[in-house]
Amino acid sequence: MIKPDAVAGGHSGAILKQIEEAGFEIVALKLTHLSDAQASQFYAIHAERPFFKTLVEFMSSGKIIAAVLKKTNAVADFRTLIGNTNPEKADAGTVRKLYAKSIEFNAIHGSDSDENAMIEAGFFFSNFERFN
Ligand code: CMP
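Keep in mind the model is a prediction, meaning the values are calculated, not measured.

Cut-offs and rules
- Residues numbered from 1 in each chain as written.
- Predicted model: local features only at pLDDT ≥ 70, side-chain atom pairs only at ≥ 80, totals over all residues.
- Heavy atoms only, no water.
- Buried < 20%, exposed > 50% of the residue type's maximum accessible area, 1.4 Å probe, protein only.
- Helix = DSSP H or I, 4+ residues; strand = E, 2+ residues; numbered from the N terminus.
- Arc of directions from axis to C-beta.
- Contact = heavy atoms within 4.5 Å.
- Salt bridge = Lys/Arg side-chain N within 4 Å of Asp/Glu carboxyl O.
- Near = heavy atom within 4 Å.
- Polar contact = N/O pair within 3.5 Å; in protein donor to acceptor, adjacent residues only side chain to side chain.
- 1 Å grid on protein atoms, 1.4 Å probe; cavity = no way out; pocket = protein on both sides within 12 Å on 5 of 7 lines; lining within 4 Å.
- Sits in = over half its atoms within 2 Å of the grid points.
- Nonpolar A, V, L, I, M, F, W, Y, C, P; charged D, E, K, R; others polar.

Novice: Is there a simple way to think about helix α4 (residues 52-59) in this case?
Specialist: Since the α-helix packs 3.6 residues into each turn, any two residues three or four apart lie on the same face. Of the residues making up α4, those classed as buried are F52, L55, V56, F58 and M59. With its buried residues spanning 160 degrees around the axis, α4 presents them on a single face. Looking at the buried residues of α4, the elements they touch are α1 (4-8), α3 (36-42) and β2 (63-70).

Novice: Would you mind showing me how to read the pattern of salt bridges here?
Specialist: Inspection of the entire model under this criterion finds three salt bridges. In this structure, K53 and E57 form a salt bridge, with 3.1 Å as the shortest nitrogen-oxygen distance. With a gap of four residues between them, K53 and E57 both fall in helix α4, about one helical turn apart. Assessed through its relative accessible area of 40%, E57 is described here as partly exposed. With a closest N to O distance of 2.5 Å, K71 and D77 form a salt bridge. Here K71 falls in the partly exposed class, since its relative accessible area comes to 28%.

Novice: Teacher, can you tell me more about the site of the ligand here?
Specialist: Contacts to the ligand come from K3, Y43, H46, F51, L55, T85, R96, I103, E104, N106 and H109. E104 places a main-chain nitrogen or oxygen 3.0 Å from an oxygen atom of the ligand. With respect to the ligand, the side chain of N106 contributes an N or O atom lying 3.1 Å from an oxygen atom. With respect to the pocket detection grid, the ligand is positioned in the largest pocket. Within the shell around the ligand, the residues separate by chemical class into four nonpolar, four polar and three charged.

Novice: What exactly am I supposed to notice about helix α2 (residues 12-21) here?
Specialist: When we look at burial in α2, the residues that qualify are S12, I15, L16, Q18 and I19. Seen along its axis, α2 keeps its buried residues to an arc of 160 degrees; they face one direction. Where α2 is buried, its residues meet α1, β1 (25-33), β2, α5 (74-82) and α6 (95-99). Of the residues flanking the end of α2, it is G23, one or two places downstream, whose phi is positive at about 100 degrees.

Novice: Is there a simple way to think about unusual backbone geometry in this case?
Specialist: Unlike most non-glycine residues, N73 shows phi in positive territory, near 60 degrees. With respect to the helices and strands, N73 occurs in the loop between β2 and α5. One non-glycine residue, A107, adopts positive backbone phi at about 70 degrees. Checked against the element boundaries, A107 lands in the loop between α6 and α7 (114-124). Residue class for A107 comes out buried when judged on its relative accessible area of 0%.

By themselves, these observations are geometric and do not establish any function.
Right under this line is the structure:
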């Protein structure tokens, strides 16, 4: 998911290009604006964290781009491509190093496991399996 800071900043095209050039196939894509309830549901796993309220406010503050990506070793390779959650710790050339402002407003989200990738893809695309 390309987050509201990166979409509002006009970086969507550059980020999608970087994703494709890294060998990911985009199999589903959607520009949308999450409601407070949708952002809360997406990040429900973080509900007890001190940053949850501001995370939900941020994620529902503007448009996002949701994508389902396909690649061998996709989860690990995508996390390498986007870099550390904290842009100060992210490697040069990663999406977060290039576009994130802070650990909170960090431009992009990637699933942390194949299992969560399926859940998160289903959150945005009811029939994404058929797009393959
Ligand atoms: P993401 O990879 O989408 O997963 C959870 C999000 O919570 C994370 O990116 C950040 O946007 C946010 N987040 C994680 N850790 C912190 C933190 N310590 N302070 C504020 N926001 C955080």
